[in-house]
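# Breakdown of the fold
Listed here are the chains, written in short residue letters.
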Amino acid sequence: MSYVGGLLFSGVIYTGFKIFDYVVLPIVGSKYVNPARLPYKASRLEKLAPIDQVAILVAKLITIMFVYHCITFVMNEEVSGMVVNLNIVDILKSIAWWPLHMPFLFIFYDFFYTLWHWALHWPPIYPWIHKHHHRNLSPFRGNDDAVNTHPVEYIVGEYLHLFSVYALTLVHGPGVHAFTFLMFIFIGGSLASLNHTRIDVRLPYLFNVWAHDFHHRQPRCNFGQYIMLWDCVFGTFRQEPADKVKSTPTAAARPVATPPS
Ligand SMILES: [Zn+2]
Ligand SMILES: [Zn+2]
């Protein structure tokens, strides 16, 4: 890739981050879609320290590398076994498989992520990698708080997506279109960002923002990234007592996420 091409490619990835911040999250958290906000039950990391700024920058640079490797994988059809074209029929065919492909991807991804996240909390290594992310007891910035992790943690979390798609292609390669991969990354990025806002999205048995928010304060539970299936299986799922009975306040009643910096 040329110097100019690299800059353009990086610009596209940077724009992708901004789409989460300025399009996806505002729409999902709007008063028409989901005005409810999680209450603050612990202090939030009000000001990003230089170490946070560096971690966020490094994560975004890693993302550029990750997307480049994803594209390399997809374009090598012999390895990926995926369908790569702009044929609308092929895209629709792959979408028809989403009721099976998407659950596979998220369940497969979260199996390894849950174990990895659990391992990061092992006391001998916790201070060296994952403690940085838990300095923020009440995430609220969205994407910036989501990617504010140690690079080792971030790399594993990102490349697990590639591994998950690779596993799917081993099972059903010709039925997987590159568009499926794109949407998996987009949905995953949106959910990971939402996990670090105060937007109280609740999709019973599928996805709940409060689960990861609770994990930031109670780090012995809710290790999943997107779904809590494996926490339920491993017995580490916990629901915050107050959340069982209390509906969430409106956006006007509680502090809301400030615009991402
Ligand atoms: Zn987090
Ligand atoms: Zn954790």
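Residues numbered from 1 in each chain as written. Chains lettered and ligands numbered in written order. Predicted model: local features only at pLDDT ≥ 70, side-chain atom pairs only at ≥ 80, totals over all residues.

### A few points about the overall build of the chain
In terms of regular secondary structure, the chain is built from 11 helices and two strands. What you see for the chain is a C-alpha radius of gyration of 19 Å, in line with the 18 Å of a compact globule of 261 residues. C-alpha extents for the chain along the principal axes are approximately 50 × 45 × 40 Å. A buried classification covers 33% of the 261 residues belonging to the chain. For the chain, the share of sequence-separated contacts (at least 6 apart) that also reach a separation of at least 24 residues comes to 74%. (Helix = DSSP H or I, 4+ residues; strand = E, 2+ residues; numbered from the N terminus. Rg over C-alpha atoms; globule rule 2.2 N^0.38 Å. Buried ≥ 20, exposed ≤ 12 C-beta atoms within 10 Å, placed from the backbone. Contact = placed C-beta atoms within 7 Å.)

### Section: the nonpolar core
Ranked by internal contacts, the top residues of the largest apolar core, which has 30 residues, are L105, F181, L194 and V209. Of all the secondary-structure elements, those providing two or more residues to this core are α1 (3–28), α2 (50–75), α5 (98–120), α7 (151–172), α8 (178–194) and α9 (209–217). Sequence-distant contacts of F181, defined by excluding residues within four places in its chain, comprise C70, V74 and V165. (Core = buried A, V, L, I, M, F, W, Y, C linked by C-beta atoms within 7 Å.)

### Concerning the confidence of the model for the chain
Per-residue confidence for the chain gives a mean pLDDT of 89; residues scoring 70 or more make up 92%. Overall, residues 250–261 carries pLDDT values under 50, and its contacts beyond four positions in sequence, including any with other chains, amount to 25 contacts. (pLDDT = per-residue confidence, 0-100.)

### Regarding unusual backbone geometry
With phi around 70 degrees, Y205 is a residue other than glycine that occupies positive phi space. Note on Y205: 9 C-beta atoms within 10 Å, which makes it exposed. In this structure, N222 takes a positive phi of about 55 degrees despite not being glycine. The topology assignment puts N222 in the loop between α9 and α10 (229–234). What makes N222 buried here is the crowd of 23 C-beta atoms within 10 Å.

### Digging into α8
Helix length check: α8, at 17 residues, gives a terminal C-alpha distance of 24 Å against a target of 24 Å (1.5 Å per residue), a fit within 8%. Inspection of α8 places A178, T180, F181, F184, I185, G188, G189, S190, L191, S193 and L194 among the buried residues, and these make up the whole buried set. (Expected span 1.5 Å × (residues − 1).)

### Description of the packing of α5 against α7
The contact between α5 and α7 brings their axes to 9 Å, and the two run at 150 degrees. Where α5 crosses over α7, the handedness of that crossing is right-handed. Here H101, F104, L105, F108, Y109, F112, Y113, W116 and L120 of α5 lie close against α7, whose contacting residues are E153, V156, G157, L160, H161, S164, V165, A167 and L168. When grouped by side-chain class, the residues that make up the contact of α5 with α7 number 13 nonpolar, four polar and one charged. (Axes fitted to C-alpha atoms, helices over the stretch in contact; angles between N-to-C directions. Left-handed = near helix turned anticlockwise from the far one by under 90°. Nonpolar A, V, L, I, M, F, W, Y, C, P; charged D, E, K, R; others polar.)

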